[in-house]
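# Architecture and fold: a report
These are the residues of each chain, in order.
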Amino acid sequence: MQSLTSVERLVIESISQGPKPLKALMQDTRLELRFLANILHALTLRSFIVLTPDGYALNKHLPPEELAQINNEKSRQSEAMELLESLCSSKDKKLGLRKAWVSEKDRKVLNALIRNLEDFMQTLPAAPKNAPLHEYTVVVWGADQYGPTVQRLIGGIA
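Residues numbered from 1 in each chain as written. Predicted model: local features only at pLDDT ≥ 70, side-chain atom pairs only at ≥ 80, totals over all residues. Heavy atoms only, no water.

## Quick notes on the nonpolar core
Residues V11, I15, L40, L43, F48 and I49 are the most contacted members of the largest nonpolar core, which totals 15 residues. Of all the elements in the fold, those that place two or more residues in this core are α1 (6–15) and α3 (33–45). Examining the composition of this core, we find that 4 residues originate from one element, α3, more than from any other. Excluding residues within four positions of it along the chain, I49 makes contact with I12, I15, L40, L43, T44, Y56, A57, L58 and N59. (Core = buried A, V, L, I, M, F, W, Y, C linked by side-chain atoms within 4.5 Å. Buried < 20%, exposed > 50% of the residue type's maximum accessible area, 1.4 Å probe, protein only. Helix = DSSP H or I, 4+ residues; strand = E, 2+ residues; numbered from the N terminus. Contact = heavy atoms within 4.5 Å.)

As structure tokens, then:
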């Protein structure tokens, strides 16, 4: 199965805006040359991207089933896990997690706040045309009861 790392997906997202030369990719992603060159090489070998006279571009001849596979739910979950791991290891510690007793009344308030945040995220304007990807913000939210969360972790065994 083909899957992408978060960094590979970042590069593909940058290239999906249109063909880009190496320097423009470096500016957009803020990846160092050696690291970016390795990612580009790997993506080229896997036929996700091609080198054109205008720079690196998405492979327009990639079979639709390949695209579906890298964008399926499991691939998206894998990317989310990588991003969460990175957020957890951030020195800024902008990711909060708290186990708390939430009454039924407070759960309604919490659900309303989460819906407000989801609505806010849906109504954000599109990024400016040349906004560098490295300046985007990763936002995580959600809530679940502790029991079902733990049951998913152990695969329902207990």
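## Here's the deal with the pairing of strand β1 (residues 49–52)
The pairing of β1 with strand β2 (residues 55–58) spans 4 bridges and is classified as antiparallel. Residue pairing across strands places V50 opposite A57, the latter belonging to β2. A loop of 2 residues connects β1 with β2, the two strands running antiparallel in sequence. (Pairing = 2+ DSSP bridges.)

## Description of helix α2 (residues 22–29)
Turning to α2, its buried residues number three or more, namely L25, D28 and T29. The arc that holds every buried residue of α2, seen down its axis, measures 80 degrees, which confines them to one face. Residues K23 and Q27 are exposed on α2 and point more than 90 degrees away from its buried face. A positive phi of about 65 degrees marks R30, the residue just after α2. (Arc of directions from axis to C-beta.)

## Side note on helix α5 (residues 73–88)
Counted at 1.5 Å a residue, the expected span for α5 with its 16 residues is 22 Å, and the 22 Å between its end C-alpha atoms agrees. Near the N-terminus of α5, the side chain that reaches the backbone nitrogen of K74, with its oxygen 3.2 Å away, is that of N72. (Expected span 1.5 Å × (residues − 1). Polar contact = N/O pair within 3.5 Å; in protein donor to acceptor, adjacent residues only side chain to side chain.)

Just geometry here; none of it tells us what the structure is for.
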